[in-house]
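For reference, the chains in residue letters:
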Amino acid sequence: MAEDEVDASIPVEAQDEGPKNDEAPADRPDTKKSDRSGSGSGSEVEEPDVKPYIKSQISLLEYDEEKHLFSHEQDDFLDDWIENKSKYRSIFIYIDGENIKISHEVPHKSIHSIQYFTKSADVEIFMDNVDEFVSHGVLHVPHIESLLKQMNGAFSPLFLSNKTWPDSIRNDFTSHLQRFMAYLTDMRHKTEGHTILYIPKEGATADIASACADKDLVQRLETVMIHWTMQLKEVVYAQDSQEITENSGPLEEIEFWRNRCADLSSISTQLDKAEVKKIESILDAVKSSYVGQFRKYAQQIQDGSKQSENNLKFLNILKEPCEQLSKATAREIPPMLPNLLNLIRFVWTNSEFYNTKERITGLLRKLSNEIILRCSKEIHLEKIFDGYCITSMKTLNEAIDCCSKWKETYERVSKAHQTSTGQEWILDKTSVFAQIEAFIQRCRDLIEVCECQMHFARYEDGQQTKMPIFPGQRGQDVVRSLQEIEHTFRRNLVILKDIKHIMMQNTISSAFESVRTVEQGVDLLEIFRHLSTRETIKRTLDKKIVDVVQMFCEEMNKVKKELNNKRPYLSLQYPKYAGQAHWIKALKRRLENNFKVIEAAFFVNETPVFEEAKQTYLQLTSNLDDTIRKHFTEWQLLAEKEIGKGSKNDAHKRLEQPLMIRSHDKHGMIEVNFDRFLQKLFVEVHYWHRLMFEVPHYAGEVYQKRDELSKLREQVLFVVLDYNRVVAALSGEERALFKERVRFLDKKLHPGLTKLMWVTKGVFEFFINDCRKNIASIQNVVDEYKFNNMNVSASCKKISEMLMVTIRKDIYSNLEFEEEQAAHQKKMAAMLNAERSEIVNFLLRTNEYFRRDGPDVQTGFFNYCDKMDRMVEEAFRLNIKWSLHELSKAINGDGKTPPNPLFKVKLVLEDDQRIEFDPTLKKLHSIVNSIGPQLISKLQSTPRLPDVLSKQKSSKPPLTEVFENDTEIKKLQKVIADGMNKNSVDIHEYLVRWDGYREIWEIKKDMFIKRYQRLNPSVASFDGDIARYNEVSHSAQKEDTITNISFIMLDSSQLKRSIQEHCKLWQDKFTTLLKEIATEKLNNLTEFFIQHCEKLRRDPADLDALGDAIKLHEQLQGERDTIEGMISPIQDQFAILEKNEVAIPDESFEPLHVVPTSAARGGDDNQESQGQVQSDLINSAEEYKRRVAQFVNDFNTNGPFDDVWAAEDALDKLQSYRDTIASTRIDETRIRKGLAIFKIEQPPSKEIANMENDLKVLETAWQMTKEWEDNWSGWKVSHFRDINAENMETGAQSLFKKLARLAREVKDKNWPIVEKTKKKVEQFRRTMPLITDLKNDALRPRHWIQIQETVGQTFNHEDEKFTLELIIGFGFDAFAEDINTISGAASKELSIERAINAIAELWRETKLDIGPYKEKGHFKLKLVFPLI
């Protein structure tokens, strides 16, 4: 049973005791209270109950209104659905046995017919909307097929042929209908294992061209194709999932592939249908993206069909042997196995698709299952446990032998397969024989049972052998022991034998656990009755029979309990007396159904316990009948008292009263004035008639007027509902606005409140129609009024939400904030004005209904406009307030978290004098604080609504004045201003941290250095001062670059750079001064050394000159410590300069290391003999040769011969080599000159001469390389349109010739720089035709797009970034031929274009002479010769 299903077969007491209502059931008329005013005012009016109507529409064939009564739970279930308290839109009603059931779900078991009721929307159902929102119908078994036939045969053609609907509704409905039909068709045929494609007729009959133009049709066809694709996908993925049980045999496998082949063939046939092809062509013509996926799966279906046919073809050769196997005995099976295995081998080796390891293993496993099944058919457990041991053991041994032969045959064939084919037998043997091994073990266990019977029970073949006679005194003891053993064995054997019976007893008990009704219990007893031949099972079934009868007795006790309940719960549709009678009748019918079921079951009604229950049943049913008659008598007495002959108010008098009365509870509303007793009387009589009771004549007479009075009452009720709906929709103020219209309605309704009675004849129809017509007219005005009010409220809501301040997530730089706010305010002002205009338009529509009414209504309309004006004013106020609140939140935060950075302000050093902000804080304050006044000023031209809509002018001040004086807006502006001021204070406090660096830029550097120089500072002072500014620079660098202070992000990067630049200037000033001082001292000392060394080195001409030299040497030796003391401070000064990376020329620094030592030793050299001088000169010459060789080797090793060097660096390196050669030449000249004194000939160095030549050639090569790189650097970054291809080609050609000549000169040098530069230039020369093609003026945007597609890159040839470097980087040269073709085509197209332009210019200058034609209003060319 479904989860939400209510079962009418359960007694009322058993289901739920139900609420204990204080009112008697007779107080429940077939009407109900409902608030349907639409305004929620809570006015209750009587209206017809829709539930009896729903029940009257039940048209199930088995349904009997009197027999199948709804229980109170089912009535509640139906009420919830009608009142829209249920989450489901559909309910299903059906007959299950003798009971009616109602559910939100389709029953899971087979039901002959089902009736459905479906709501089209989630609404409450009334009598006036039931036809609009509820549809119902009946489905018969099979339900899906029945529904499909109805849809195909009736509903679908009817819907699709309807041309009266609007196109939008028709297209939408057709789309949903096609989707539903596709799923319904699929569901219908899927239950039979078939896949059928739903083909819509509109796609099959439509013309392709017209279908492509119909976008809605294309969309529907795409939906159908998507469903086709899902169906095909499901079939494709299910091809390998063989739904065959684990114990199936090979015949089942063959049958599976036969069904698969039939299904796939059927689908293939459907795919080849002309209708499917046509739909595919339509969607292919519109380039639908779903066609490719559909074709993919369609192709897989075709392939799967081919695979299935192939598999079936090969498996069919196994069919006949497998059929013989399915009929064979265990002894007949082994001879069949070799042939079967060979056939399977044939399938394995020759099948195109069935040759996988898994499928062949599965086929062999199914063959094992079939062998086990054949052997099991010959084994009888009953004979085994009855003592037929010999024949059973023979059968079991034959089964074991059969299984063993199967394993042996498998082994033999597998070895023969490997021997004959050379292929390995790769099947899973364990999987194939797992069931065989288990079956053999079971057979052996049964053989052991047979042997035990022979050993311990003396059974051979159904007969016991005699007990042997044991002689001696202990013989009887032995016999007793053997008999005891035999007895124990038999007892255990019985337990073993009855295990299946115990299992059956447990199964029966488990089945009865879910039994809840007598009918279910009897059905289960009928199912298990054939097993009652077993005594144990029979006892179990007898116990269950007692339980079922007891269940029937409990059902009778429940009925008694319900009957004793003096106030049973009844549905609203039932009257007090007849309703109770029907309820008692339903209790009796419930018992009758159960009794009939038990009485029909002969195996139950023959039991003694049933006889006792039968007597109780007969007595109880008799009591129920008496109770029904008692209720009828009570009602009859009441009716006679109220409308009988002796009553004061008979039926006629009760009808002599007005149709309607004013409501005493709801001010301004009316009620139906129909006698309540007559309402109850009609219901009572109706239900007593259904119970076949004869009612009194006075009740019958008035009941004959029931239809007429009910119809009249229903029509009057509609008038009451319509009138009350109008009144309830209006508030007190609105009733004043609609005063004249309500007064008009009261005048129309006055006859029904005073003159017209229920017995009046012939005037009701006109009165009711006239009233409803006038009420409907005013209802339309009220609806339009409410609609306009709702739209005004919606517009006011939009106005309040269209904030005129926008705060983006990222940070504003410079003055972006001001520009963005101005643009946003302008945009929002336009949108706000548009919304206000909409409000005015809605109010003007409302005014159309009241502008001709009297002064009172006009005053009411003015008040209404004033109310609307207050709404608009509040909307604008909220807009400004929330806008400023957004700005305040950005400035001050939300109170929980600090604000995020909003503005980016840079710290800059202005004129090297002071720290300034960019933009300034004053400017930011001005921008932010002006937002509020700007927002208010946007509403300056907005007038008051009464001034626009009413003749009476508003006395309220303008909106701008109101908002300027608004306390909350002023408060928000102050909060924003305070936030700005506080932030300004915090920022100035932050600037204090930079005061420590002020002296860096405030002190005049040049004046300070002059004063510093006059103080003659020490080396340590220089070092300390330079290091101090280095520390200051590092300290400034460590300061935070970005600092967030509230909503401002301070960027100190420029200030930090300025401080670093100032520190660098201070360091440069100090190092420059130190360098000047150190250089001056070094130059003085060097001059001193040079003068004295010259004297000491000069060869003495005579003895006097030699004495002067010795005296000078002794003097210098005496002053040696003083001279060395002068050198140390100079070295310290140069060390500081070197530490601070100050550039010092080598020639300036070298004397500091060489000259002092040489001078100190100069005197010693002069004392030696001429021979020593000569020896020193020779040694110097050798040392010179060694240095030259080392220098040449360094050049050959580390010289700039490759392009890893930059051209500038390489030329600098070559220059350094030239400088070294120059200094080497000087040394060479000095040594040669000295040796020449001693007549020693020293030739010039050939290595130096050769190296000079190499340097000259290498320098030429690098100069050409530099020339090329300079040219290329200029060309590659220039915009492509500015390139002069002719100059580029000339320059490249000239340079290539020079490089070629140079390469020939140095080809034996193997210098890579020459060849690589030459290749670069040559590569560039090859790209020149490409550049010429790209520079073609005939190229148009379409050609450039074509070039982009050719090279596979996206670029803009007009962009500044489109340079020669980009062209080379994109690899245009690889597509030179294609680009040349495009450029050539562009040139030809340009020629055609120019020719067309010339023709157009000719036509533009041609003058045509046109004149009137026969005064008919037409014109013609007078002369056509010039045109020809």
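Please read these numbers as outputs of a predicted model, since none were measured by experiment.

Caption draft 1: View of the overall build of the chain. Scanning the chain from terminus to terminus reveals 55 helices and 16 strands. Counting over 1428 residues, the chain shows a buried share of 43%. Here the analysis covers contacts within the chain between residues at least 6 apart in sequence; of these, 74% occur between residues at least 24 apart. Counting only carbon and sulfur atoms, one obtains 51% of the accessible surface of the chain, whose full area is about 78800 Å².

Caption draft 2: Region of interest: the packing of aromatic side chains. This structure, assessed with the given rule, holds 23 aromatic pairs. Clustering of aromatic rings is evident, with ring pairs tying together F632, W635, W688 and F693.

Caption draft 3: Local environment of a positive patch on the surface. Together, K1297, K1298, R1301 and R1304 make up a region of like positive charge exposed at the surface. Looking at where R1304 falls in the secondary structure, it is placed in helix α51 (residues 1285-1305). Owing to a relative accessible area of 56%, R1304 belongs among the exposed residues under this scheme.

Caption draft 4: The arrangement of unusual backbone geometry in detail. Positive phi outside glycine occurs at K287, with the angle close to 55°. Residue class for K287 comes out exposed when judged on its relative accessible area of 74%.

Caption draft 5: Up close: a nonpolar patch on the surface. Together, Y183, I226, M230 and Y290 line one region of the surface with nonpolar side chains, adding up to about 360 Å² of accessible area. Positionally, M230 belongs in helix α9 (residues 215-237). Since its relative accessible area comes to 44%, M230 is described here as partly exposed.

Caption draft 6: Spatial organisation of the environment of V138. Residue position: V138 is located in strand β7 (residues 134-140). Considered as a pair, V138 and S59 are 79 residues apart in the sequence and their alpha carbons are 7.4 Å apart.

Caption draft 7: Focus on the confidence of the model for the chain. Here the chain shows a mean pLDDT of 76. Residues at 70 or above account for 83%. Here helix α1 (residues 12-15) is the element of the chain with the lowest mean pLDDT, 30, and strand β9 (residues 670-672) is the one with the highest, 89. Counting interchain partners and residues more than four positions distant, the pLDDT-below-50 stretch residues 1159-1164 has 11 contacts. Counting interchain partners and residues more than four positions distant, the pLDDT-below-50 stretch residues 1166-1171 has 8 contacts.

Caption draft 8: Quick look at helix α3 (residues 72-82). Counting buried positions over the 11 residues of α3 gives 8, a clear majority of the element. Among the residues of α3, H72, Q74, D75, F77, L78, D79, W81 and I82 are the ones counted as buried.

Caption draft 9: Examining the packing of helix α23 (residues 577-600) against helix α27 (residues 676-690) more closely. Closest axis-to-axis distance for the α23/α27 pair is 8 Å, and the angle between their directions is 30°. By the angle class used here, α23 and α27 are roughly parallel. Of the two elements, α23 crosses α27, and the hand of that crossing is left-handed. Contacts from Y577, A578, A581 and H582 in α23 reach E684, Y687, W688 and R690 in α27.

Caption draft 10: Structural context of the pattern of salt bridges. Summed over the entire model, instances satisfying the criterion amount to 38 salt bridges. Salt-bridge contacts for E874 lead to R877; the nearest nitrogen and oxygen are separated by 2.9 Å. Pair noted here: E874 and R877 are both in helix α34 (residues 855-892), with a separation of 3 residues, about one helical turn. Overlapping salt bridges bring together E874, R877, K881, D966 and E968 as one network.

Caption draft 11: Quick peek at the environment of G304. With respect to the helices and strands, G304 occurs in helix α12 (residues 290-315). Given a relative accessible area of 2%, G304 falls into the buried group. Counting along the chain gives 36 residues from G304 to S268, while the straight-line C-alpha distance between them is 9.8 Å.

Caption draft 12: Broad picture of the nonpolar core. Ranked by internal contacts, the top residues of the largest apolar core, which has 183 residues, are W635, M660, W688 and F903. The element contributing the most residues to this core is α34, with 13 residues. Excluding its chain neighbours within four sequence positions, the residues that come into contact with W635 are Y577, L681, E684, V685, W688, V695, P696 and A699. Membership of the second largest hydrophobic core comes to 56 residues, among which are F256, W257, L396 and W425.

Caption draft 13: The pairing of strand β11 (residues 903-910), seen in detail. Pairing geometry for strand β10 (residues 812-813) and β11, over 2 bridges, is parallel. Bridging across to β11, S813 finds its partner in K904.

Caption draft 14: Molecular detail of the pairing of strand β6 (residues 113-119). Within β6, 5 of the 7 residues are buried, leaving the element largely enclosed by the surrounding structure. Direction of pairing for strand β4 (residues 90-96) relative to β6: antiparallel, over a ladder of 5 bridges. Across the sheet, residue Y94 finds its bridge partner in β6, namely I114.

Caption draft 15: Local environment of the packing of helix α32 (residues 764-801) against α34. Interhelical geometry of α32 versus α34 gives an angle of 20° and a closest axis separation of 7 Å. Here α34 runs roughly parallel to α32, going by the angle between their axes. The two elements α32 and α34 meet at a crossing, and its hand is right-handed. Residues Y785, N789, V792, S793, C796, I799 and S800 of α32 form the contact with α34, whose own contacting residues are Y864, M868, M871, V872, A875, F876, L878, N879 and W882.

Caption draft 16: Quick peek at the environment of D1378. Relative to the helices and strands, D1378 is located in helix α55 (residues 1376-1405). Sequence-wise, D1378 and V1351 are 27 residues apart; in three dimensions their C-alpha atoms are separated by 9.2 Å.

Caption draft 17: Just the side chain of Q231, in detail. Considering the arrangement of structural elements, one finds Q231 in helix α9. By relative accessible area, Q231 is classed as buried at 3%. Q231 has contacts with D186, T195, I196 and L197, leaving out every residue within four places of it along the chain.

Caption draft 18: Region of interest: the state of the cysteines. Using the criterion set out here, one finds 0 disulfides in the structure. Here C452 stays free of any disulfide, with the sulfur of C450 as its closest cysteine sulfur at 9.3 Å. Overall, C452 belongs to the partly exposed group, its relative accessible area being 22%.

The rules behind each value
- Residues numbered from 1 in each chain as written.
- Predicted model: local features only at pLDDT ≥ 70, side-chain atom pairs only at ≥ 80, totals over all residues.
- Heavy atoms only, no water.
- Helix = DSSP H or I, 4+ residues; strand = E, 2+ residues; numbered from the N terminus.
- Buried < 20%, exposed > 50% of the residue type's maximum accessible area, 1.4 Å probe, protein only.
- Contact = heavy atoms within 4.5 Å.
- Areas by Shrake-Rupley, 256 points an atom, 1.4 Å probe, with all protein chains shown as cover.
- Phe/Tyr/Trp six-rings, centres within 6.5 Å; stacked < 30°, edge-to-face > 60°.
- Patch = residues over 30% accessible without salt bridge, like charges linked within 9 Å, V, L, I, M, F, W, Y side chains within 5 Å.
- Salt bridge = Lys/Arg side-chain N within 4 Å of Asp/Glu carboxyl O.
- Lys, Arg positive; Asp, Glu negative; His and termini not counted.
- Charge placed at Lys NZ, Arg CZ, Asp CG, Glu CD.
- pLDDT = per-residue confidence, 0-100.
- Axes fitted to C-alpha atoms, helices over the stretch in contact; angles between N-to-C directions.
- Parallel < 35°, antiparallel > 145°, perpendicular 65-115°, else oblique.
- Left-handed = near helix turned anticlockwise from the far one by under 90°.
- Core = buried A, V, L, I, M, F, W, Y, C linked by side-chain atoms within 4.5 Å.
- Pairing = 2+ DSSP bridges.
- Disulfide = S-S within 2.5 Å.

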